[in-house]
Amino acid sequence: MLPPMPRIFSGIQPSGELHIGNWLGAVQNWVKLQYSYESIICVVDLHAITAKYEHASLSQRTREMAIGLLACGIDPERATLFVQSHVPEHTELQWMLNSVTPIGELERMTQFKDKSQRLESVPVGLLTYPVLMAADILLYHADLVPVGEDQVQHLELTREVARRWNAEFGRGESYFAEPQALLTEAKRIMGLDGQAKMSKSLGNTVGLLDTPEEIWQKLRPAPTDPARVTKKDPGNPEICNIYHLHRYFSPPETVAQVVENCTGAKWGCLDCKRVLADNMIAALAPIRARALELREQPELVDEILAAGAAKARAIAGQTILEVRDRMGFLQSAGRLIH
Ligand code: SF4
């Protein structure tokens, strides 16, 4: 019998439609990883409520995110894809982990410090967000977590929480193994404004489901090297976001041509953007087509998510039973350890 595949946990907020930053930075990698790891992929709607959010559209954004993931190639036959709030064990474990998490550690989290200082009244959820993240990961005994640099600190807290819980309740064992970071090539996709990371809240994205015309209308006004005032002025592609996007969407010979035409002032920025737009449109066309099909079948998407939640609960339920037992709770007669 083959040894079991290592298990990975990945979460993504239900921001609605995926953009090329999410795709290049995370989702493309998850699609690859599902062939070598047992992949648990969760749309983390409970995390999304820790900041002000539009509740009227939360359910729609959650389904849209699932559609985006499926359209990108997440295969529900391989990966377990589900919505976090459909598996209540996440919040149950979070509460239990709260009992071993020092407040000081949470207050030290960079993201908490950044976000809380912009708020007049800081919700507890913002502080305990990393404990929910720890619960997400530990609930499934994930071996690895694909993370970007900005999440490494949260993963370190998960490991710390696991150690503390094991020391208190592990009965001399490491019941919760400490998950490792699966650091992948850092792809920090800049927004079209060239100022900050691509992010829906900054309005500087290209949506994976944008029409060809929408893609062109977004690329056309995007800033480039300011030295290129006219076609005759040579530019430096390294400082131009359009060039960096070419590297993700255009073949190597085109990337080389961009460098030559830019540094040699052989074409204008609009010519350069047109080539990028065409390559981007071609790359995204199959994803867009699959997503449009899925949008027509919301019941199918909901069924996939329900099946994913059932698979997730089979693992999560067992973990909770064992955690309750180790923490000394009186087991309900209906919830015996198998
Ligand atoms: S020619 Fe292309 S790479 Fe050079 S500055 Fe213009 S858009 Fe950027």
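Above this text you will find the structure in question.
Worth saying up front: this structure is predicted, and the values here are computed from it rather than measured.

**Student:** Would you mind going over the pattern of salt bridges with me for this structure?
**Tutor:** If the charged atoms of two oppositely charged side chains come close together, the side chains can form a pair. Taken as a whole and judged by the stated rule, the model has 19 salt bridges. With a closest N to O distance of 2.7 Å, Glu160 and Arg164 form a salt bridge. Taken together, the positions of Glu160 and Arg164, both in helix α8 (residues 152-169) and four residues apart, correspond to about one turn of that helix. Among the charged side chains, a network of salt bridges with common partners joins Glu156, Arg159, Glu160, Arg163, Arg164 and Glu178.

**Student:** What am I meant to see in the environment of Ser10 here?
**Tutor:** Following the sequence through the fold, Ser10 ends up in strand β1 (residues 7-12). Separated by 156 residues in the primary sequence, Ser10 and Asn166 place their C-alpha atoms 23 Å from one another. Not counting residues up to four positions away in its chain, the partners in contact with Ser10 are Trp30, Ile40, Ile41, Cys42 and Pro146.

**Student:** Mind showing me how you'd approach helix α11 (residues 252-263) here?
**Tutor:** Every α-helix carries 3.6 residues per turn, so stepping three or four residues along brings you back to the same face. Given a rise of 1.5 Å per residue, 12 residues ought to cover 16 Å, and the 17 Å separating the end C-alpha atoms of α11 matches this to within 8%. Residues of α11 that are buried include every one of Thr254, Val255, Val258, Asn261 and Cys262, and no others. The buried residues of α11 occupy an angular sector of 130 degrees when projected down its axis, which confines them to one face. Those residues of α11 that are exposed and aimed more than 90 degrees away from the buried face are Pro252 and Glu253. Buried positions along α11 lie against α10 (241-249) and α12 (269-295). Positive phi appears at Ala265, one or two residues downstream of α11, with a value of about 50 degrees.

**Student:** Can you help me understand the site of the ligand in this one?
**Tutor:** All residues in the neighbourhood of the ligand are listed as Thr224, Asp225, Arg228, Cys240, Ile242, Tyr243, Val258, Cys262, Trp267, Cys269 and Cys272. Among the cavities detected, the one that contains the ligand is the largest cavity. Broken down by secondary-structure element, the contributors of at least two residues to the shell around the ligand are α10, α11 and α12. Tallied by class, the residues present in the shell around the ligand amount to eight nonpolar, one polar and two charged.

**Student:** It is not clear to me how empty space enclosed by the protein should be interpreted in this structure. Could you clarify?
**Tutor:** A water-sized probe rolled over the atoms picks out the places where empty space is left. One pass over the structure, following the stated rule, counts two cavities of 30 Å³ or more. Roughly 90 Å³ of internal volume is contained in the largest cavity. Taken together, 13 residues line the largest cavity, and the ones lying closest to its centre are Thr224, Cys240, Cys262, Cys269 and Cys272. If one sorts the elements of the lining of the largest cavity by residue count, α12 sits on top with three residues. Here the residues of the lining of the largest cavity sort into nine nonpolar, one polar and three charged. In this model, the second largest cavity occupies a volume close to 70 Å³. As for the second largest cavity, its lining consists of Met109, Gln111, Phe112, Lys115, Leu126, Tyr129, Pro130 and His154. Every element with two or more residues in the lining of the second largest cavity is listed here: α6 (110-116) and α7 (124-138).

**Student:** How do you make sense of α12 when you look at a structure like this?
**Tutor:** At Ala285, α12 is deflected by roughly 40 degrees, the largest bend along its length, and proline Pro286 occurs up to four residues later in sequence. Three or more residues of α12 are buried, namely Cys272, Lys273, Leu276, Ala277, Met280, Ile281, Leu284, Ile287, Ala291 and Leu294. In the core, the buried residues of α12 are packed alongside α1 (20-33), α3 (58-72), α9 (212-219), α10, α11 and α13 (298-327).

**Student:** How do you make sense of the packing of α7 against α8 when you look at a structure like this?
**Tutor:** Packed helix pairs are specified by the crossing angle of their axes together with the interaxial distance, meaning the distance between the axes. Taken N-terminus to C-terminus, the directions of α7 and α8 make an angle of 70 degrees; their axes are 9 Å apart at the nearest point. Considering the angle they form, α7 stands roughly perpendicular to α8. Where α7 crosses over α8, the handedness of that crossing is right-handed. Counted together, Tyr129, Pro130, Met133, Ala134, Ile137 and Leu138 of α7 and His154, Leu155, Leu157, Thr158 and Ala162 of α8 form the full contact between these two elements. Its residues assigned to classes, the contact of α7 with α8 comprises nine nonpolar, two polar and no charged.

Conventions used here
Residues numbered from 1 in each chain as written. Predicted model: local features only at pLDDT ≥ 70, side-chain atom pairs only at ≥ 80, totals over all residues. Heavy atoms only, no water. Salt bridge = Lys/Arg side-chain N within 4 Å of Asp/Glu carboxyl O. Helix = DSSP H or I, 4+ residues; strand = E, 2+ residues; numbered from the N terminus. Contact = heavy atoms within 4.5 Å. Expected span 1.5 Å × (residues − 1). Buried < 20%, exposed > 50% of the residue type's maximum accessible area, 1.4 Å probe, protein only. Arc of directions from axis to C-beta. Near = heavy atom within 4 Å. 1 Å grid on protein atoms, 1.4 Å probe; cavity = no way out; pocket = protein on both sides within 12 Å on 5 of 7 lines; lining within 4 Å. Sits in = over half its atoms within 2 Å of the grid points. Nonpolar A, V, L, I, M, F, W, Y, C, P; charged D, E, K, R; others polar. Points joined across faces, edges and corners; volume = space filled by probe spheres on them. Bend = angle between axes of the 7 residues up to and from the residue. Axes fitted to C-alpha atoms, helices over the stretch in contact; angles between N-to-C directions. Parallel < 35°, antiparallel > 145°, perpendicular 65-115°, else oblique. Left-handed = near helix turned anticlockwise from the far one by under 90°.

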